Amino acid sequence: MARKTTKPKQLGKPTPIPASPDKALLERVPNPHPETLYAARFTAPEFTCLCPITAQPDFAHLVIDYAPKRWLVESKSLKLYLASFRNYGTFHEDATVTIGKRIVDLIEPAYLRIGGYWFPRGGMPIDVFWHFGTMPEGLWLPDQGVAPYRGRG
């Protein structure tokens, strides 16, 4: 489960990739500007997990935007958490929503949205979108910048 701490345990030292998302330690750090409305974006263009039925690899371009309040996601722990999906069986929808919910549980942001832009397998891309909260008035949040899948055309 998400461990809520203010002093990162993984930052600045060698850390192995966790065996699964459930074993990953996702960490937070204090927001130095909790009174300021702003957005932070994480982009993971090479996210990988496995199909839970066939064990075939699935690939996605993830974009995570959030408006923090008291806490920020510690980026090394997020990288390790996302890497922990590499040998983990899960459906596209479950992976995308699970990641969003885990971050929300950890940092309690004012707003979060995650876009999972999945590459096709079996001839069909599946894009998954989830958000938490209402986007605060006055928050500048650009488009996620990932074009819909168009194949070769």
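Computed from a predicted model, the values in this text were never measured in an experiment. Here, residues in each chain are numbered from 1, in the same order as that chain's written sequence. Restriction of local features to residues with pLDDT of at least 70 applies here, the model being predicted, together with a cutoff of 80 or more for giving and counting side-chain atom pairs; totals for whole chains, interfaces and linings are based on all residues. Note: side-chain values were computed over all heavy atoms of the structure, leaving out hydrogens and water.

Engineer: What is the right way to look at the sheet that holds strand 2 (residues 40-50) in this model?
Structural biologist: Hydrogen bonds between backbone groups are what pair the strands of a sheet, and the pairing can be parallel or antiparallel. Strands are treated as partners if at least two bridges between them are detected by DSSP. For the purposes of this entry, the term helix denotes a DSSP run of H or I that reaches at least four residues, the term strand denotes a run of E that reaches at least two, and both are numbered from the N terminus. Ordered in space as 2-3-5-6, the four strands form an open sheet in which the pairing is antiparallel. Whereas interior strands pair on both sides, the edge strands pair on one side only; in this sheet they are strand 2 and strand 6 (127-132). Averaged over neighbouring strand pairs, the angle between their axes works out to 15° when direction is ignored. One ladder, built from nine bridges, connects strand 2 with strand 3 (residues 57-67); its direction is antiparallel. By the bridge assignment for strand 3, Arg-41 is matched with Asp-65. We call two residues in contact whenever any of their non-hydrogen atoms come within 4.5 Å of each other. Each axis is a line fitted through C-alpha atoms, and for a helix only the stretch in contact is used; angles between axes span 0 to 180 degrees, taken between their N-to-C directions. Against the sheet, helix 2 (residues 92-107) makes contact with strand 2, strand 3, strand 5 (111-118) and strand 6, and its axis sits at roughly 160° relative to strand 5, the strand it touches most.

Engineer: I tried to follow the pattern of salt bridges on my own but got confused; where do I start?
Structural biologist: A side chain with one charge may pair with a side chain of the opposite charge, provided their charged atoms come close. Salt bridges are defined as contacts in which a side-chain nitrogen from Lys or Arg sits within 4 Å of a carboxyl oxygen from Asp or Glu. A complete count under the given rule lists three salt bridges for this structure. Note that Asp-65 is salt-bridged to Arg-41, the shortest N-O span being 2.5 Å. One end of the pair, Asp-65, is in strand 3; the other, Arg-41, is in strand 2, and 24 residues separate them in sequence. Arg-41 gets classed as partly exposed once you look at its relative accessible area, which sits at 35%. Connected via shared salt-bridge partners are Arg-41, Asp-65 and Arg-113. Buried means the residue's accessible area, taken with a 1.4 Å probe over protein chains only, is under 20% of the maximum for its type, while exposed means over 50%, and partly exposed covers the values in between.

Engineer: Got a minute to help me understand the layout of surface pockets in this structure?
Structural biologist: With a probe scaled to a water molecule rolled over the atoms, the places where space remains empty come into view. Taken as a whole, the largest pocket holds about 240 Å³ of empty space. Using protein atoms alone on a 1 Å grid, points that fit a 1.4 Å probe yet trap it form a cavity, whereas open point sets bounded by protein on both sides within 12 Å along at least five of seven lines form a pocket; residues with an atom within 4 Å of a point count as lining. Ala-44, Glu-46, Phe-47, Lys-79 and Leu-82 are, among the 13 residues lining the largest pocket, the residues nearest its centre. Considering every element that reaches the lining of the largest pocket, the biggest residue donor is strand 2, with seven residues. Under the scheme applied here, ten amino acids are nonpolar (Ala, Val, Leu, Ile, Met, Phe, Trp, Tyr, Cys and Pro), four are charged (Asp, Glu, Lys and Arg), and all others, including Gly, are polar. Here the residues of the lining of the largest pocket sort into seven nonpolar, three polar and three charged. There is about 150 Å³ of room inside the second largest pocket. Lining the second largest pocket, in full, are Cys-51, Pro-52, Asp-58, Phe-91, His-92, Glu-93, Arg-121, Met-124 and Ile-126. Grid points are joined across faces, edges and corners, and a volume is the space filled by probe spheres set on the points.

Engineer: Could you clarify how one ought to interpret the nonpolar core in this entry?
Structural biologist: Nonpolar side chains in soluble globular proteins tend to be buried together. Grouping buried Ala, Val, Leu, Ile, Met, Phe, Trp, Tyr and Cys residues that are joined through side-chain atoms within 4.5 Å yields what is termed a nonpolar core. In this structure, Phe-47, Tyr-81, Leu-82, Ile-99 and Ile-103 are the most contacted members of the largest nonpolar core, which totals 28 residues. Counting residues per element, the ones that place at least two in this core are strand 2, strand 3, strand 4 (71-73), helix 1 (75-83), helix 2 and strand 5. Sorting elements by how many residues they give to this core places helix 2 first, with six residues. Not counting residues within four places of it along the chain, the set of residues in contact with Tyr-81 comprises Pro-21, Ala-24, Leu-26, Thr-98, Ile-99 and Arg-102.

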